[in-house]
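Residues per chain, in single letters:
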Amino acid sequence: MKVSELTWDREGLAAAIACEDAAFEAALREEAYRVKVDTIGPEVYLRGLIEISNICVKDCLYCGIRRDISCPRYELSEEEVLSAARTAAGRRFGSVVIQGGERTDAAFIRKITRLLKEIKQIDTGDDPPLGITLSLGEQSREVYEEWFDAGAHRYLLRIEAFNPDLYRKIHPEDHSYDRRLQALYDLKEIGYQAGTGAMIGIPFQTAEDLADDLLFYKQFDAPMVGMGPYNPHPQTPLTLSGAPYPSAERRFALGLKMIALLRLLMPDINIAAATALEVLDPRGREKGLLSGANVFMPNVTPREQLVKYNLYDRKTSLPDGPSALEHGLSDSRIVIGYGRWGDSKHFRQE
Ligand code: 5AD
């Protein structure tokens, strides 16, 4: 298969996804990198990632912090979150992402609202105030509005699997697919840059499913996408069920290939090099950036807590010292856009 022969319909995308020819995959990644540089430039935007809590009301069958798993739980104090955000500001990351397990209790909701207002006050010198992305799951429209009014302007909510049958296979019965989709449209209507994404290489997933994920990002007109390879967690029902999934090598290649295909499909959006890539390859996220991604999220969560945010088995990818932050990016082709919100060109043009 040749990159020039690719077609952008479901069949064409599925064929590209299914094709395991290493030369084709490498050519695709190079082409995506070229298109990225031509369209939005070589810059990589940073977001300091703050993993606020691993307490979760949801029970997703693949996730290591699901409600019914027994693991040490934590919640960062407001001061710890602010201190992490100050680290991000001091290093001129431009933006932070607050991510955590889904919680809908009033105390948590108010805490986020207070934090948003306080983060907006953090001194960033000559740079604009920190941009804030939230990734805190499904919430009511009112809560999304409250957080938007308090200063959040981007929200990441992965669809996880666009095919509703596949979605049902990896979630308990009471997790509604329609509710998730509705939440995404609510976010968009409120005015957020609503990002989405899916896991790559999960059990039961076909090349057509992955093609449909890409076509969904396009149809939803997502200004940003964060998607990453599935990494099995030893204690989850999905792993324990024994359902097969692609090898680590394939999941990694597929993760990069999905980034590359999406860059070609939507040249001017923000695409994150997901942390999950790093579990499969020590330079995984950097390889993501060289395959078309343009957003990198250095983890600024305090280390004692970070080790407990085990969505999957990530022992091999725990940040260690300065390499954990943007200094881990050593490829000379990578240019870091310091002190900027880094909104996607796509969103700015809307
Ligand atoms: N492997 C890869 N990604 C996972 N996530 C949760 N569990 C796993 C796993 N086992 C992802 C989900 C969720 C995000 C926070 O982490 O896509 O949206």
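The rules we used
- Residues numbered from 1 in each chain as written.
- Predicted model: local features only at pLDDT ≥ 70, side-chain atom pairs only at ≥ 80, totals over all residues.
- Heavy atoms only, no water.
- Helix = DSSP H or I, 4+ residues; strand = E, 2+ residues; numbered from the N terminus.
- Buried < 20%, exposed > 50% of the residue type's maximum accessible area, 1.4 Å probe, protein only.
- Pairing = 2+ DSSP bridges.
- Axes fitted to C-alpha atoms, helices over the stretch in contact; angles between N-to-C directions.
- Contact = heavy atoms within 4.5 Å.
- Polar contact = N/O pair within 3.5 Å; in protein donor to acceptor, adjacent residues only side chain to side chain.
- Salt bridge = Lys/Arg side-chain N within 4 Å of Asp/Glu carboxyl O.
- Right-handed = clockwise from strand over helix to strand, strands pointing away.

Got a minute to help me understand unusual backbone geometry in this structure?
The phi torsion of most residues other than glycine is negative, and most of the peptide bonds are trans. A positive phi angle is found at Arg92, which is not glycine, with a value near 60°. Relative to the elements of secondary structure, Arg92 occurs in the loop between helix H3 (78-90) and strand E3 (95-100). Positive phi, normally seen in glycine, also occurs at Phe204, with a value near 75°. For Phe204, the position within the fold is in the loop between strand E7 (199-200) and helix H8 (207-220). Of the residues examined, Phe204 reaches a relative accessible area of 41% and is grouped as partly exposed.

Teacher, can you tell me more about the sheet that holds strand E4 (residues 131-135) here?
Two modes of strand pairing occur in sheets, parallel and antiparallel, and in both the strands are linked by backbone hydrogen bonds. Read from one edge of the open sheet, 5 strands run E2-E3-E4-E5-E6, paired in parallel fashion. The open sheet terminates on both sides in strands that have one partner only, identified here as strand E2 (48-53) and strand E6 (193-195). Here the strands of the sheet are splayed against their neighbours by 20° on average, with no regard to which way each runs. Note that strand E5 (residues 154-156) and E6 share 3 bridges and pair parallel. Within E6, the residue paired with Tyr155 across the bridge is Ala194. Relative to the sheet, helix H4 (residues 106-120) contacts E2, E3 and E4, its axis offset from that of E4 by approximately 160°.

Hey, could you run me through the side chain of His153 in this one?
For His153, the location among the structural elements is in the loop between helix H5 (141-150) and E5. In terms of polar contacts, His153 uses its side chain to reach the side chain of Asp343, at 3.2 Å. Those residues in contact with His153 that lie beyond four places of it in its chain are Gly131, Ile132, Phe148, Tyr192, Gln193, Trp341 and Asp343.

I would appreciate a short explanation of the pattern of salt bridges in the present structure.
Opposite charge on two side chains makes pairing possible when the charged atoms of those side chains draw close. Across all of its chains, the model carries 30 salt bridges by this definition. Between Glu43 and Arg340 there is a salt bridge; the shortest N-O distance is 2.9 Å. Here Glu43, found in strand E1 (residues 43-46), pairs with Arg340, found in the loop between strand E11 (335-337) and helix H14 (345-348); they are 297 residues apart in sequence, far enough to count as distant. In this structure, Glu138 engages Lys58 in a salt bridge whose closest nitrogen and oxygen atoms are separated by 3.3 Å. Here Glu138, found in the loop between E4 and H5, pairs with Lys58, found in the loop between E2 and H3; they are 80 residues apart in sequence, far enough to count as distant. Grouping residues by exposure puts Glu138 and Lys58 together as buried. Salt bridges sharing partners connect three or more residues here, namely Lys58, Glu102, Glu138, Glu160 and Arg180.

Would you take a moment to explain the pairing of E3 for this structure?
Regular strands show a simple pattern: their side chains alternate between the two faces of the sheet. In terms of burial, E3 is largely enclosed, as 6 of its 6 residues are buried. Burial along E3 is two-sided: Ser95, Val97 and Gln99 and Val96, Ile98 and Gly100, pointing in opposite directions, are all buried. Note: E2 against E3, 5 bridges, orientation parallel. In the strand pairing of E3, Ser53 is matched with Gly100. Following the backbone out of E3, through H4 and into the adjacent parallel E4, one traces a crossover that is right-handed.

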